[in-house]
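# Observations on the three-dimensional arrangement
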Amino acid sequence: MKRRIIQPWTPEDDDRLRKLAAEGRTSVTIAERMKRTPASVRGRAKAINVVLMKAKSVTRLPITLGDLGLKAKGK
């Protein structure tokens, strides 16, 4: 298993986290931009009292065989 190197948070990282959070970014987006994990971003945000936006949930509709242009066996 690959071990991650723990990257300490610098004051500049904290400022960037605050800026991205103020823009309404989610922890996933911030993590991608800062090359960190979403969990580390959420943890640091909590530690420095930064509120992050929650990702909008996607409504998933069930897919039927008919939607895929398929027919059930024997029909």
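Description of the structure in this document. Not measured: the values here are computed from a predicted model.

Its identity as a non-glycine residue notwithstanding, Lys35 has a phi of 55°, on the positive side. Looking at the element boundaries, Lys35 is found in the loop between helix H2 (27-34) and helix H3 (38-47). Residue classification places Lys35 among the exposed positions, given a relative accessible area of 69%. Backbone geometry at Asn49 places phi at a positive 60°, although glycine is not the residue there. By the secondary structure assignment, Asn49 is in the segment after H3. With relative accessibility at 71%, the residue Asn49 sits in the exposed group.

Turning our attention to the packing of H2 against H3. Angle between the axes and distance between the axes: these two values describe a pair of packed helices. At their nearest, the axes of H2 and H3 sit 8 Å apart, and the two run at 105° to each other. Compared by their axis directions, H2 and H3 come out roughly perpendicular. Residue-level inspection shows Ser27, Val28, Ile30 and Ala31 of H2 in contact with H3, the latter providing Pro38, Val41 and Arg42. Among the residues forming the contact of H2 with H3, the class breakdown is five nonpolar, one polar and one charged.

Cut-offs and rules
Residues numbered from 1 in each chain as written. Predicted model: local features only at pLDDT ≥ 70, side-chain atom pairs only at ≥ 80, totals over all residues. Heavy atoms only, no water. Helix = DSSP H or I, 4+ residues; strand = E, 2+ residues; numbered from the N terminus. Buried < 20%, exposed > 50% of the residue type's maximum accessible area, 1.4 Å probe, protein only. Axes fitted to C-alpha atoms, helices over the stretch in contact; angles between N-to-C directions. Parallel < 35°, antiparallel > 145°, perpendicular 65-115°, else oblique. Contact = heavy atoms within 4.5 Å. Nonpolar A, V, L, I, M, F, W, Y, C, P; charged D, E, K, R; others polar.

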